[in-house]
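If you want the building blocks of each chain, they are given just below.
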Amino acid sequence: IIKRSLSTSTSRNAISNITVIGGGLMGSGIAQVAAATGLNVTLVEVNADLLKKAEERIADSLGRVAKKQYKDDKSAAAKFVDETRSRIKGNTNPEDAVKDSDLVVEAIVEKLEVKHDLFKKLDKAAPEKTIFASNTSSLSIGDIASVTNRKDRFGGLHFFNPVPVMKLLEVIRTSETSQDTYTAMMEWGKSIGKVCITCKDTPGFVVNRLLVPYLAEAIRMMERGDASARDIDTAMKLGAGHPMGPLELADYVGHDTNLHILEGWHKKFPDNPLFVPCESERKLVQEGKLGVKTGEGYYKYNNLKYWVEN
Ligand code: 3HC
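Cut-offs used in this document
- Residues numbered from 1 in each chain as written.
- Predicted model: local features only at pLDDT ≥ 70, side-chain atom pairs only at ≥ 80, totals over all residues.
- Helix = DSSP H or I, 4+ residues; strand = E, 2+ residues; numbered from the N terminus.
- Rg over C-alpha atoms; globule rule 2.2 N^0.38 Å.
- Buried ≥ 20, exposed ≤ 12 C-beta atoms within 10 Å, placed from the backbone.
- Contact = placed C-beta atoms within 7 Å.
- UniProt positions renumbered as here; feature names shortened; annotations may be inferred.
- Core = buried A, V, L, I, M, F, W, Y, C linked by C-beta atoms within 7 Å.
- Near = placed C-beta within 6 Å.
- Nonpolar A, V, L, I, M, F, W, Y, C, P; charged D, E, K, R; others polar.
- Domains from an automatic or database assignment.
- Axes fitted to C-alpha atoms, helices over the stretch in contact; angles between N-to-C directions.
- Parallel < 35°, antiparallel > 145°, perpendicular 65-115°, else oblique.
- Pairing = 2+ DSSP bridges.

Colleague: Residues and numbers for the overall build of the chain, please.
Modeller: Summing up its helical and strand segments, the chain has 13 helices and 10 strands in all. Taking 310 residues into account, the globule formula puts the C-alpha radius of gyration at 19 Å, and the chain, at 20 Å, falls close to it. Structurally, the chain occupies a C-alpha span of about 60 × 55 × 35 Å along its principal axes. By the burial criterion, 42% of the 310 residues in the chain qualify as buried. Considering only intrachain contacts with a sequence separation of at least 6, the fraction spanning at least 24 residues in the chain is 65%.

Colleague: Go over the environment of N93 with me, naming the residues and quoting the values.
Modeller: As for its placement among the helices and strands, N93 is situated in the loop between strand 3 (88-91) and helix 5 (94-97). Placed 17 residues apart in sequence, N93 and E110 show a C-alpha to C-alpha distance of 20 Å.

Colleague: Could you give an account of the UniProt feature "binding site: CoA" (unreviewed entry) in the chain, naming the residues involved and the relevant values?
Modeller: In this structure's numbering, the residues bearing the UniProt feature "binding site: CoA" (unreviewed entry) are S61, K68 and S137. These annotated residues cover 77 residues of sequence, and their C-alpha atoms reach 28.9 Å apart at the extreme, placing them across more than a single site. When you line up the elements, S61 lands in helix 3 (residues 48-70). If near-sequence neighbours (up to four positions away) are discounted, S61 is found in contact with Q32 and P164. Its place among the elements puts S137 in the loop between strand 5 (131-134) and helix 7 (141-145). The residues touching S137, leaving out its near neighbours within four places in the chain, are E110, N208, T257 and I261.

Colleague: An account of the nonpolar core is needed here, citing residue identities and associated values.
Modeller: In this structure, V20, I30, A31, A34, V41, V104 and V105 are the most contacted members of the largest nonpolar core, which totals 54 residues. The element best represented in this core is helix 2 (residues 25-36), accounting for 8 residues. Once residues lying within four places of it in the same chain are set aside, the contact partners of I30 are V20, V105, A107, N135, F159 and V163. By size, the runner-up hydrophobic cluster in this structure holds 21 residues, among which are A216, I232, L249 and L259.

Colleague: How would you explain the site of the ligand if you had to name every residue and give the values?
Modeller: What surrounds the ligand is a group of 18 residues, the closest being S61, R64, S137, N161 and P162. Those elements giving two or more residues to the shell around the ligand turn out to be helix 3, helix 9 (207-224) and helix 11 (246-253). Counting residues per element, the shell around the ligand draws most heavily on helix 3, at 4 residues. Residues belonging to the shell around the ligand are distributed by class as follows: 11 nonpolar, 5 polar and 2 charged. Each of domain 1 (2-200) and domain 2 (207-302) gives at least three residues to the shell around the ligand.

Colleague: Break down the UniProt feature "domain: 3-hydroxyacyl-CoA dehydrogenase NAD binding" (unreviewed entry) in the chain for me, with residues and values.
Modeller: Following the UniProt record, the feature "domain: 3-hydroxyacyl-CoA dehydrogenase NAD binding" (unreviewed entry) maps to residues 17-202 here. Each end of residues 17-202 is marked by a C-alpha atom, and these two atoms are 29 Å apart; helix forms 45% of the span and strand 21%.

Colleague: Quick rundown of the packing of helix 10 (residues 229-240) against helix 11? Include the residues and the values.
Modeller: In contact at an axis separation of 7 Å, helix 10 and helix 11 are set at 100 degrees when each is read in the N-to-C sense. By the angle class used here, helix 10 and helix 11 are roughly perpendicular. In contact with A229, I232, D233 and M236 of helix 10, helix 11 contributes P246, L247 and E248. Here the contact of helix 10 with helix 11 is built from residues that sort into 5 nonpolar, no polar and 2 charged.

Colleague: Can you lay out the sheet that holds strand 1 (residues 17-21) for me, pointing to particular residues and giving the numbers?
Modeller: Strand order in the open sheet made by the 8 strands is 3-2-1-4-5-6-7-8, with mixed pairing throughout. At either margin of the open sheet sits one strand with a lone partner, and together these are strand 3 and strand 8 (195-200). The average undirected angle you get between the axes of adjacent strands in this sheet is 25 degrees. Where strand 1 meets strand 2 (residues 40-44), 5 bridges bridge the pair, whose relative direction is parallel. Following the sheet pairing, V20 is matched in strand 2 by L43.

Colleague: Give me the domain arrangement of the chain: which residues, what numbers.
Modeller: Annotation of the chain at the domain level lists domain 1 (2-200) and domain 2 (207-302). Between domain 1 and domain 2, the residue contacts involve 6 residues of the former and 8 residues of the latter. Tallied by class, the residues present in the side of domain 1 that touches domain 2 amount to 1 nonpolar, 3 polar and 2 charged.

Colleague: I'd like a rundown of unusual backbone geometry, residues and numbers included.
Modeller: The omega torsion of the bond from N161 to P162 falls at 0 degrees, within 30 degrees of zero and hence cis. A positive phi angle is found at K71, which is not glycine, with a value near 40 degrees. Here K71 shows up in the loop between helix 3 and helix 4 (74-86). Backbone geometry at F205 places phi at a positive 50 degrees, although glycine is not the residue there. Tracing the backbone shows F205 in the loop between strand 8 and helix 9. On the neighbour-count criterion, F205 (22 C-beta atoms within 10 Å) is buried.

See below:
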């Protein structure tokens, strides 16, 4: 009864302080979007260097958003960037960072043991009311939540890269996520400008369950020599209306991420041919060619933004 009344007190209006754990591509995007809509954000990274990188990424992306939103009004654009940045405080101590938090969104490495270590600590350090969410791409939210004593206040909030641009937020409820928690997560998602869809705690939720096998099929098509990377990408952009072709998108998401998702699912579901990891992607990862973020994947990138060579 006490737990229920406490979770009820996590009313939809109560989310004003959020903590984002992990300042990578996804975490920094989530922090940025939340701060841009007026929330106080604490962003956690393991050291000051990584915090600085996350802050730089946010500044760069905010500049792009401001340019679009404020067009020729340079001072309004600068004000928006400054005010948003001022709402984001860096912290290297996760336990300290959740002390006053209404919502924690975790976006760290996709390793269950590492997430468990983190959430065990956070569960002790955070107030009872605090909702915990994971931005995992492919792990089970229920498995992640299992080490905490707040399974009713635990769900999935799955964003898409680039977070400031992609409109979708997948809100995942486990069999133990309470109605109040679910409602609070949905309302929070809407309040930061996302369109929310709901999904059960199934592998890959909606988007990745369809997207990851599609990317792998495109890679296999190229590996068989049926068509070149460039032609497959052109085909899907012009023939199916996708903004990026599958090989470009695989480079954009990152081959470490793609491969990790496929390996995890292949281990869990060895009979599903759609989940078999691709050899050329494995080779790219071994060579450190992770895609756009390292300057090379199936394509080479100039200034980490555009492909320049097939
Ligand atoms: N921050 C802010 N703004 C950004 C941005 C960023 N990181 N990246 C792009 N933009 C803005 C640009 O400034 C530009 O604004 P403008 O319209 O005012 O000029 C606009 O977005 C379009 O960007 P570009 O002109 O550079 O290039 P595109 O038109 O090709 O758009 C894209 C880029 C939005 C990334 C588009 O190609 C796209 O939608 N690609 C597909 C992305 C996708 O599928 N993402 C999901 C991946 S799966 C995932 O994330 C799940 C995870 O679990 C693996």
